[in-house]
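The primary structure of each chain is shown beneath.
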Amino acid sequence: MKLNEKLFKALANKTRLEILQWLKDPENEIHVPTCIPISEEIKDYGGVCVSDLVNQSGLAQSTVSSYLNMLVEADLLIAVRHGKWTFYRRNEAAIQKLGELIKEEL
């Protein structure tokens, strides 16, 4: 991971930062989960669906989807499509590398 403008642009928004915080501990942070993973594959994955993040944020689905895409492009989230739903989780390895790069480079 390199320090780049796309990465910092993804982090330069309060809601995108909140999404990263909610996904750090979704069982405690997502107040009213609506998408219950139906397969063991998704349960093991541990992701959260867009609907849950829309409900949590109070923003339009299109806005939340745009924010999630930006976080995926910045490599801060991982997305897995399962049927009609996409589940998101944090890319912990990339987030840890980001912390190390900031410490070394800035």
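Residues numbered from 1 in each chain as written. Predicted model: local features only at pLDDT ≥ 70, side-chain atom pairs only at ≥ 80, totals over all residues. Heavy atoms only, no water.

A. Geometry of the nonpolar core. Counting 21 residues, the largest nonpolar core has Ile19, Leu23, Leu53, Leu68, Leu71, Leu76 and Leu77 as the members making the most contacts within it. Those elements that provide at least two residues to this core are α1 (5–11), α2 (14–24), α5 (50–57) and α6 (61–73). The contact partners of Leu71, leaving out residues within four places of it in the chain, are Ala10, Arg16, Ile19, Leu20, Leu76 and Leu77. (Core = buried A, V, L, I, M, F, W, Y, C linked by side-chain atoms within 4.5 Å. Buried < 20%, exposed > 50% of the residue type's maximum accessible area, 1.4 Å probe, protein only. Helix = DSSP H or I, 4+ residues; strand = E, 2+ residues; numbered from the N terminus. Contact = heavy atoms within 4.5 Å.)

B. Seen up close, the side chain of Arg16. Along the chain, Arg16 falls in helix α2. Buried charge Arg16 goes without a salt bridge, the closest partner of opposite sign being Glu73 at 10 Å. In contact with Arg16, not counting residues within four places along its chain, are Lys9, Ala10, Tyr67, Met70 and Leu71. (Lys, Arg positive; Asp, Glu negative; His and termini not counted. Salt bridge = Lys/Arg side-chain N within 4 Å of Asp/Glu carboxyl O.)

C. Spatial organisation of the packing of aromatic side chains. Taken as a whole and assessed by the stated rule, the structure comprises one aromatic pair. An angle of 85° between the planes, with centres 6.1 Å apart, marks the rings of Trp85 and Phe87 as edge-to-face. Look at Trp85 and you get partly exposed, because its relative accessible area is 26%. Looking at Arg16, its charged tip hangs above the ring of Tyr67, at a distance of 4.9 Å from the centre. (Phe/Tyr/Trp six-rings, centres within 6.5 Å; stacked < 30°, edge-to-face > 60°. Lys NZ or Arg CZ within 6 Å of the ring centre and 35° of its normal.)

D. Molecular detail of the side chain of Asn91. Within the element layout of this structure, Asn91 appears in the loop between β3 (85–90) and α7 (92–105). The residues contacting Asn91, other than those within four sequence positions of it, are Asp75, Leu76, Leu77 and Ile78.

E. Local environment of the pattern of salt bridges. Per the stated rule, a full pass over the model turns up two salt bridges. Between Lys14 and Glu18 there is a salt bridge, and its shortest N-O distance comes to 3.9 Å. With a gap of four residues between them, Lys14 and Glu18 both fall in helix α2, about one helical turn apart. Judged by relative accessible area, Glu18 falls into the partly exposed class, the value being 23%.

The values reported here are purely geometric and, on their own, carry no functional implication.
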